[in-house]
Amino acid sequence: MSGPPSSLIENYLREAGFWHAATIGRGCKLDPKLINALIERWRPETHTFHLPCGECTITLEDIQLQLGLSVDGFALTGSVQSSDWEAICCDLLSVILNNIYGGRIEMAGYLMPDLSRNFVHLRWLLKLVDFRAAGELSWGSVVLATLYREICRATRSNKAKIRGCLLLLQSWAQFRFPFLCPRANHPYTFPLITRWNHPASYIGIPTAFEDIRLLLDQWSEAQMDTVLRQFGFQQPIPKEPEVLDEQLKIDLQLTNTNWPLFWSEYIKFWENQYDHIPDREPIIVLELVCTPDYMPWFKIHGKPYLLLEQQRRRQIRVERER
């Protein structure tokens, strides 16, 4: 039985908002050393990378520029319940597969893959039954939320692997820090990640309902204050970030949970996101991208091994005094 014509598939992908992501492909080779270096500089408290010049992070704008995914739309959420996955598989794919592992089927994906990068949970495919409705969801925000969550987990000393869209992490670093990027003989195109990837025509789309919480923190005042330079504002000493240790422990094993109700406060915050756009002192000259007291503060509170030996000793002394 032949599949639908390519023009029909393209229409479906465009309607759901995945056309650009579907053309990205999976031909880009990941650089483990670059990814490890970025993870080492990640601070779970603020969801930012600590560099000698200050803090920076992957933003919603980066998601749209790098992957071509929409960041506007409704929060992608729902209820996680035990189900008859064989019946769901038959309903969605018109076939009952022999290998269904806890609701997961073998299907490669790269937007929000698991550790194996070869399985997708059937509950995510339920969100793609109606392509028009899928196009009204903020898929890009969930990709970013999932990546935030997995980088936080990867910073633990007992973690050797990382989930999430590592292509996004690597492409973001290569674009924002050009000295890291490999030589490319073709110009930038949209989405930007295509500069580093080879074309392909397949895309897998797993995600995580509960990860919306981490993404919403990027819109909060405390989180955004750490990377105001990326929004064109002068960087002052940021506010104390919110502690998210308990939220990071939540995963898909917590079944029979009504996530829209569980995160109702933050979903409402997301729906009113444009009321929380930062309004600060704009950068006028490059020498004033930070307030005078920011870098001295950052050298004390930043990650020790990013500092010179003398600065590391000073930081340790300050922490002991506390």
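Residues numbered from 1 in each chain as written. Predicted model: local features only at pLDDT ≥ 70, side-chain atom pairs only at ≥ 80, totals over all residues. Heavy atoms only, no water.

Details of the sheet that holds strand β3 (residues 54–56)
Put simply, the rule reads: Two strands pair if DSSP finds at least two bridges between them. Per the convention used, a helix needs a DSSP run of H or I reaching at least four residues, while a strand needs a run of E reaching at least two, with both numbered from the N terminus. Contacts are assigned to residue pairs with any non-hydrogen atoms lying within 4.5 Å of each other. For helices, the fitted axis covers only the stretch in contact; all axes are lines through C-alpha atoms, and the angles between them, taken along N-to-C directions, range from 0 to 180 degrees.
The 3 strands are arranged β1-β2-β3 in an open sheet whose pairing can be described as antiparallel. The open sheet has two edge strands with one neighbour each: β1 (42–43) and β3. Sheet topology places strand β2 (residues 48–51) next to β3; 3 bridges connect them, and they run antiparallel. Looking at the pairing, Phe49 lines up with Cys56 of β3. Lying over the sheet, helix α15 (residues 294–301) contacts β1, β2 and β3, oriented at roughly 80 degrees with respect to β3.

Concerning unusual backbone geometry
You will see that His47, though not glycine, has its phi angle at about 55 degrees, which is positive. Within the secondary structure layout, His47 lies in the loop between β1 and β2.

A word on the pairing of β2
Our working rule: Here's how the labels work: a residue is buried when its accessible area is under 20% of the maximum for its type, exposed when over 50%, partly exposed in between, all with a 1.4 Å probe on protein chains only.
The two faces of β2 match: Thr48 and His50 on one face and Phe49 and Leu51 on the other face are all buried. Of the strand pairs in this sheet, β1 and β2 are connected by 2 bridges, and their pairing is antiparallel. Residue pairing across strands places Arg43 opposite Thr48, the latter belonging to β2. Here β1 folds back onto β2 in antiparallel fashion, the turn holding 4 residues, of which His47 has a positive phi close to 55 degrees.

Observations regarding the environment of Pro282
Considering the arrangement of structural elements, one finds Pro282 in the loop between α14 (264–271) and α15. Here Pro282 falls in the partly exposed class, since its relative accessible area comes to 44%. Dropping the residues within four chain positions of it, Pro282 is found in contact with Gly232, Phe233 and Gln234.

Here we look at the packing of helix α3 (residues 32–40) against helix α9 (residues 166–176)
Basically, it comes down to this: Angles below 35 degrees are treated as roughly parallel, those above 145 as roughly antiparallel, those between 65 and 115 as roughly perpendicular, and all remaining angles as oblique. Each residue gets one label: Ala, Val, Leu, Ile, Met, Phe, Trp, Tyr, Cys and Pro are nonpolar, Asp, Glu, Lys and Arg are charged, and the others, such as Gly, are polar.
Interhelical geometry of α3 versus α9 gives an angle of 85 degrees and a closest axis separation of 10 Å. When the interaxial angle is binned, α3 and α9 end up roughly perpendicular. The segment α3 lies against α9, with Leu34, Ile35 and Leu38 engaging Leu166, Leu169, Gln170, Trp172, Ala173 and Gln174. Here the contact of α3 with α9 is built from residues that sort into 7 nonpolar, 2 polar and no charged.

Considering the pattern of salt bridges
Rules: Put simply, a salt bridge is a Lys or Arg side-chain nitrogen that is within 4 Å of an Asp or Glu carboxyl oxygen.
Using the criterion set out here, one finds 7 salt bridges in the structure. Across the salt bridge formed by Arg153 and Glu150, the nearest N and O atoms sit 3.5 Å from each other. Highlighted residues: Arg153 and Glu150, both in helix α8 (residues 139–154), separated by 3 residues, approximately one helical turn. Pair check on accessibility: Arg153 and Glu150 agree, each one buried. Each member of the salt-bridge network shares a partner with another, and the members are Glu61, Asp62 and Arg176.

So, the confidence of the model for the protein
As a reminder, the rule being used: Per-residue confidence from the prediction method is given by pLDDT, with values spanning 0 to 100.
A residue-level look at the protein finds 75% of positions with pLDDT of 70 or above and a mean pLDDT of 76. Under a pLDDT of 50 for its full length, residues 198–220 has, in the predicted model, 104 contacts with residues more than four places off or in other chains.

Focus: the side chain of Gln170
Here Gln170 lies in helix α9. With residues up to four places along the chain from it excluded, the contact list for Gln170 reads Cys28, Lys29, Leu30, Asp31, Leu34 and Ile35.

As for α8
Three or four residues apart is the spacing at which side chains of an α-helix point the same way, because the helix has 3.6 residues per turn. Note the following rule: In this scheme, a helix's expected span is set at 1.5 Å multiplied by one less than its residue total.
Compared with the 22 Å implied by 1.5 Å per residue over 16 residues, the 23 Å span of α8 between its first and last C-alpha is a close match. Most of α8 is tucked away, with 16 of its 16 residues classed as buried.

Digging into a nonpolar patch on the surface
Let me state the cut-off plainly: A residue counts toward a patch only above 30% relative accessible area and without a salt bridge, and it is joined to like-charged neighbours within 9 Å or, for Val, Leu, Ile, Met, Phe, Trp and Tyr, to nonpolar neighbours within 5 Å. A 1.4 Å probe and the Shrake-Rupley method give the accessible areas. Residues count as covered only by the protein chains that appear here.
Nonpolar side chains collect at one region of the surface, where Leu93, Val95 and Leu97 lie side by side and expose about 200 Å² of accessible area between them. Relative to the helices and strands, Leu97 is located in the loop between α5 (85–93) and β5 (104–106). Judged by relative accessible area, which is 31%, Leu97 ranks as partly exposed.

Structural notes on the nonpolar core
Selection rule: Residues enter a nonpolar core if they are buried and are Ala, Val, Leu, Ile, Met, Phe, Trp, Tyr or Cys, with the set joined through side-chain atoms within 4.5 Å.
Formed by 60 residues in total, the largest nonpolar core has its most connected members in Phe49, Leu67, Val143 and Leu169. Looking at which element gives the most residues to this core, the answer is α8, with 9 residues. If near-sequence neighbours (up to four positions away) are discounted, Leu169 is found in contact with Ile35, Leu38, Phe49, Ile58, Leu147 and Ile151.

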